[in-house]
Amino acid sequence: MLANLAKFCLQTSEQSILQLRVNRFATKLSKVSVEDYTDDDDDYDFEPKHEKESEEPPEVVKKSKRPIIIQCKRSMFNFHEGDTYPKFQPIPLASRAWQHRKSNGDYFTIYPLKEGQEEHELNQSYSFQDLNINEKLLKSLEENNLIHPTSIQKLGIPKILDNHNVILTAETGSGKTYAFLIPILQQVLKWKPMKDRSCNRPLGLILTPSHELTKQIAKVAKKLAKNLEINIVTLTGGKTKRIISNPPITEVDIVVATIGVMKKLVRMGIYKLDEVKHVVLDEADTLFDETFTDYTCNLLRKVQISAERDPNITYPKTAQITLNSATIPQSLSESLYQVADRESFLMITTGNEHLVRVPQKFFRLTGPEKPMSLLKIVKPKVKSKTPIIIFCNTTASCDFISLFLNQFNIKCITLHGKQRLEHRKGKFMEFQQGVCNILTTTDAGARGLDTCKVKSVINFDFPLVTAEYIHRCGRVGRIGSPRDCRVINFISRPLEIILAKKIEFAIRKGKSIPMVDMVHKDKDYEDEFVGANNTKEDFDPDKNESDIEKMSLDTSN
């Protein structure tokens, strides 16, 4: 009896002490300026840096008139343009204590920098005529209302026309597709009359990782080549067996194809690559990842890639290669340089590829809270018909979100790589045409798709690879997109918290979004990121299994 009474008194005492600490902290918080606080690594609460001996009231902190870059729920962590941190002191992060259970409900928003970030708008003082474009092609561009090039087009088109091997890297939505389509169309116009080719021997080859991206590029290419007498063939999954059983025999100048289908048709001898003079790899980082790298390298070995091209030769004997992507990882070189000379590549970039272009809000939530939080965000936007893309890491989450929203009478369509091709066909067009304004998808919908109507991107599952995050964010803030676009991120799992920390840290240091792969634990970036201002305990990922699903699109029939 006495032991139970002592235990009860101890519990009551602990609760009383805890309540006293909470009350004392609240009193201190009301007396001390927000500048006197810093975050604690071990607890979600905060302690003042020093006790003030004087009873005089603190000075009033004036609200900064400078543009805000990071706005937090706890205003003490707000970060304005021009703010700097002492060199040998830890940088305060709003997300530093997000592993703690009490952090639930916290958030911060990253806003794009106004100064030093050029919008990828057209330069009215420069036109395609200044790029030595063929007259026929110029007329076609004018008919499609393309008069002034974007920055990446201005930089990339002349180098490609000079027969260089080029890596195009620029922010999403900046017009990279036209940057490689215009040169390859002009080259085919020049080369086509010079030599008679047998059927099914193209001069140009454009490879992509997905069905939707292939259709999109082919549509743009055919639109530009409408009056140029250039034959363009589109090859995607779903008809491979039919093509093999009844091979087409046609004159073809450019083939736009998914990597898996093209590999099969070349292996069966239906298409020959010995006359190919220009190869384009769109979304090159995906084509060289572990899913597609074998297919890509096998195809490139069948094309003689030039190490150096003689500009005086009118009809080349070897092929040039153009790589295009918003993100080019360091691991790309290992596979690419097996089939092409390292020294022959020119890197063409605008320098803005990883910058924040639209507001990005990071919400700290628990897993069970995410569906209802999503509903609260989506439901008010349904009446206004706001186009929204919801990204998930797995097809299971993708299907769950679609069922969940449809149960609340919110029409939602789904797009992911495990759907049968006949079921996927037309899904993206339904979203584009406004038949349904909410699309839930995996990273299958993050690469290269032109979605200028989208106003909101919601990362229901936060990606553990920042390259995928950049591509998801790239569905908004494109040329022609609405001005009030935004990205909303749900952060719940340990690795997601670590990646959110790294992004916030980079922005506070004045850097672009870092290229980090939490799935494969990018050791090189870890060593650079953990410096004098940080500790390994703050930023090393836990040993948790990733639920990121590597998509394999169009690698089978």
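Residues numbered from 1 in each chain as written. Predicted model: local features only at pLDDT ≥ 70, side-chain atom pairs only at ≥ 80, totals over all residues. Heavy atoms only, no water.

**Student:** An account of the side chain of Gln187 is needed here, citing residue identities and associated values.
**Tutor:** Along the polypeptide, Gln187 turns up in helix H4 (residues 176–191). Setting aside anything within four residues of it in sequence, one finds Gln187 in contact with Ile160, Leu161, Asn163, His278 and Gln320. (Helix = DSSP H or I, 4+ residues; strand = E, 2+ residues; numbered from the N terminus. Contact = heavy atoms within 4.5 Å.)

**Student:** Quick one: what's the story with the pairing of strand S10 (residues 278–282), residue by residue and with numbers?
**Tutor:** Where burial is concerned, most of S10 is hidden: 5 out of the 5 residues are buried. The alternating pattern of S10 places His278, Val280 and Asp282 on one face and Val279 and Leu281 on the opposite face, and all of these are buried. Summarising the sheet, strand S7 (residues 204–208) and S10 pair through 4 bridges and their orientation is parallel. In the strand pairing of S10, Ile206 is matched with Val280. Where S10 lies against strand S11 (residues 320–325), 5 bridges are found, and the strand directions are parallel. From the neighbouring strand, Val279 faces S11, where its bridge partner is Ile321. (Buried < 20%, exposed > 50% of the residue type's maximum accessible area, 1.4 Å probe, protein only. Pairing = 2+ DSSP bridges.)

**Student:** Account for the packing of aromatic side chains, naming residues and giving values.
**Tutor:** Counted by the stated rule, this structure contains 10 aromatic pairs. Residues Phe462 and Tyr469 carry aromatic rings whose centres are separated by 5.1 Å and whose planes lie at 50° to one another, so their mutual orientation is tilted. A network of ring pairs unites the aromatic residues Trp98, Phe108, Phe362, Phe462 and Tyr469 as a single cluster. The residue whose ring lies beneath Lys361 is Tyr107, and the NZ or CZ to ring-centre distance is 4.5 Å. Over the face of the ring belonging to Phe431 we find Lys453, whose NZ or CZ atom lies 5.6 Å from the ring centre. (Phe/Tyr/Trp six-rings, centres within 6.5 Å; stacked < 30°, edge-to-face > 60°. Lys NZ or Arg CZ within 6 Å of the ring centre and 35° of its normal.)

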